[in-house]
Amino acid sequence: MNREVTLPLIVDDHGTLQVAAADVSKLLRTLGGRWVRLVEAGESGLDEDTVAALTIELAKLADRIDVACIAHSSGGAT
């Protein structure tokens with residue numbers, strides 16, 4: 001998976017973020033972790049390699065969101 005996803009930051013007219021990045025990042029990481037736990041529990045229909053790859057990509061996306069929001073908050077460019 002080498003495709004890049006561009007996520008626009010949602011800000012108001014004053015530059016205030018409208019979505020809590022920490023909540024979005026946590027959601028992405030939690031989702032991946034839940035999938036891994038389902039695989040570990042032997043949930044049928046889930047491919048271990050696919051779940052692992054998707055979990056890694058979700059964590060990378062969460063990291064990118066965190067970095068973009070930190071840059072936005074500090075006044076830097078992404």
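Above this text sits the structure in question.
The structure contained in this document is the topic of the report that follows. (Residues numbered from 1 in each chain as written. Predicted model: local features only at pLDDT ≥ 70, side-chain atom pairs only at ≥ 80, totals over all residues. Heavy atoms only, no water.)

So, on to the environment of A53. Along the chain, A53 turns up in helix α2 (residues 48–73). Sequence separation between A53 and G32 is 21 residues; the distance between their C-alpha atoms is 9.6 Å. (Helix = DSSP H or I, 4+ residues; strand = E, 2+ residues; numbered from the N terminus.)

Moving on, we come to the environment of R34. With respect to the helices, strands and loops of the structure, R34 is situated in helix α1 (residues 21–40). When the C-alpha atoms of R34 and V51 are compared, they prove to be 10.0 Å apart, with 17 residues separating the residues in sequence.

Here the focus is a negative patch on the surface. Together, E40, D47, E48 and D49 give the surface a local cluster of negative charge. One can find E40 in helix α1. On the accessibility criterion, E40 (64% relative accessible area) is exposed. (Patch = residues over 30% accessible without salt bridge, like charges linked within 9 Å, V, L, I, M, F, W, Y side chains within 5 Å. Areas by Shrake-Rupley, 256 points an atom, 1.4 Å probe, with all protein chains shown as cover. Salt bridge = Lys/Arg side-chain N within 4 Å of Asp/Glu carboxyl O. Lys, Arg positive; Asp, Glu negative; His and termini not counted. Charge placed at Lys NZ, Arg CZ, Asp CG, Glu CD. Buried < 20%, exposed > 50% of the residue type's maximum accessible area, 1.4 Å probe, protein only.)

The first and last C-alpha atoms of α2 sit 37 Å apart over 26 residues, in line with the 38 Å expected at 1.5 Å per residue. Taken together, the buried positions of α2 are occupied by V51, T55, L58, A62, I65, A68, C69 and A71. Looking at the buried side of α2, the elements it contacts are α1. Phi for G75, located one or two positions after α2, is positive at around 85°. (Expected span 1.5 Å × (residues − 1). Contact = heavy atoms within 4.5 Å.)

Contact pair α1 / α2: the axes reach a minimum separation of 9 Å and the direction vectors enclose 170°. When the interaxial angle is binned, α1 and α2 end up roughly antiparallel. The way α1 lies across α2 gives a crossing that is left-handed. Residues A21, V24, S25, L28, R29, L31, G32, G33, W35, V36 and V39 of α1 touch α2, and the partners they reach there are E48, V51, L54, T55, L58, A59, L61, A62, D63, I65, D66 and C69. (Axes fitted to C-alpha atoms, helices over the stretch in contact; angles between N-to-C directions. Parallel < 35°, antiparallel > 145°, perpendicular 65-115°, else oblique. Left-handed = near helix turned anticlockwise from the far one by under 90°.)

Moving on to the nonpolar core. Judged by nonpolar contacts, A21, L28, L58, A62, I65 and C69 together constitute the single largest core of six residues. Elements with a minimum of two residues in this core: α1 and α2. (Core = buried A, V, L, I, M, F, W, Y, C linked by side-chain atoms within 4.5 Å.)

Any functional reading would require information beyond the geometric quantities listed.
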